[in-house]
Amino acid sequence: MQPVTIREIAIKDNEQVAKVVRKVLEDLGVPKIGTAYADKALDNMYKAYDKPKAAYFVVEENNIIIGCAGIAQLDNYEGNICELQKMYFLEEARGRGMGTRMIKVCLEKAKTFDFEKCYLETMPYMKAAQKLYKNNGFRYIDTPMGNTGHYSCPVWMIKDL
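Heads up: these notes are all about the structure in this document. Every value quoted in this text rests on a predicted model; they were computed, and no experiment measured them.

1. Some details on the side chain of Q85
Part 1 of the argument: Its place among the elements puts Q85 in strand β4 (residues 81-89).
Part 2 of the argument: Polar contacts involving the side chain of Q85 include one to the side chain of E83, which spans 3.0 Å.
Part 3 of the argument: Setting aside residues up to four positions removed in sequence, Q85 forms contacts with Y49, Y56, A69, G70, I71, A72 and Q73.

Shown next as structure tokens:
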């Protein structure tokens, strides 16, 4: 058995990443409209993050992607804030500390891009995810920032970097 690795996305990962994100969203009953499920970028995440001040990472175990997350400039926002984006883990990856590892990798990358804060959006019933975010220094805010197009995600959090 190979160790679990976190690495930057490669072109060959696009199909597996899209399947992971859609599977997790379906399992959690997330609306398909107004969330990451409907994002056009989902089928070509490598290209979507192949731009300045953006990075996307995968968690790989035995050559299978079991989780993913990325950071990029917060859409439609004037300011030096990034967004933790599309962080999803298959059931077999949960409860193993990978979320904390992935957040650390993403936030370290955000710091190298000189972002000042990191924003995220999530669903109210994703309590385990919110606990993970809070344990990693994120705090709740009362209104959304920027315009991500994810109008079905009514929980907003932010962290100073």
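Moving on, there is more to tell.
2. A short note on helix α1 (residues 14-27)
Part 1 of the argument: An ideal rise of 1.5 Å per residue puts 20 Å on 14 residues; α1 measures up with 20 Å between its terminal C-alpha atoms.
Part 2 of the argument: Among the residues making up α1, those that are buried are N14, V17, A18, V20, V21, V24 and L25. Projected onto a plane normal to the axis of α1, the buried residues spread over an arc of 160 degrees and lie on a single side. The exposed set on the far side of α1, more than 90 degrees from its buried face, consists of E15 and K19.
Part 3 of the argument: Tucked inside the fold, the buried residues of α1 contact α2 (45-48), β2 (55-61), β3 (64-73) and β4.
Part 4 of the argument: The first or second residue beyond α1 is G29, which carries a positive phi of 70 degrees.

Definitions and cut-offs
Residues numbered from 1 in each chain as written. Predicted model: local features only at pLDDT ≥ 70, side-chain atom pairs only at ≥ 80, totals over all residues. Heavy atoms only, no water. Helix = DSSP H or I, 4+ residues; strand = E, 2+ residues; numbered from the N terminus. Polar contact = N/O pair within 3.5 Å; in protein donor to acceptor, adjacent residues only side chain to side chain. Contact = heavy atoms within 4.5 Å. Expected span 1.5 Å × (residues − 1). Buried < 20%, exposed > 50% of the residue type's maximum accessible area, 1.4 Å probe, protein only. Arc of directions from axis to C-beta.

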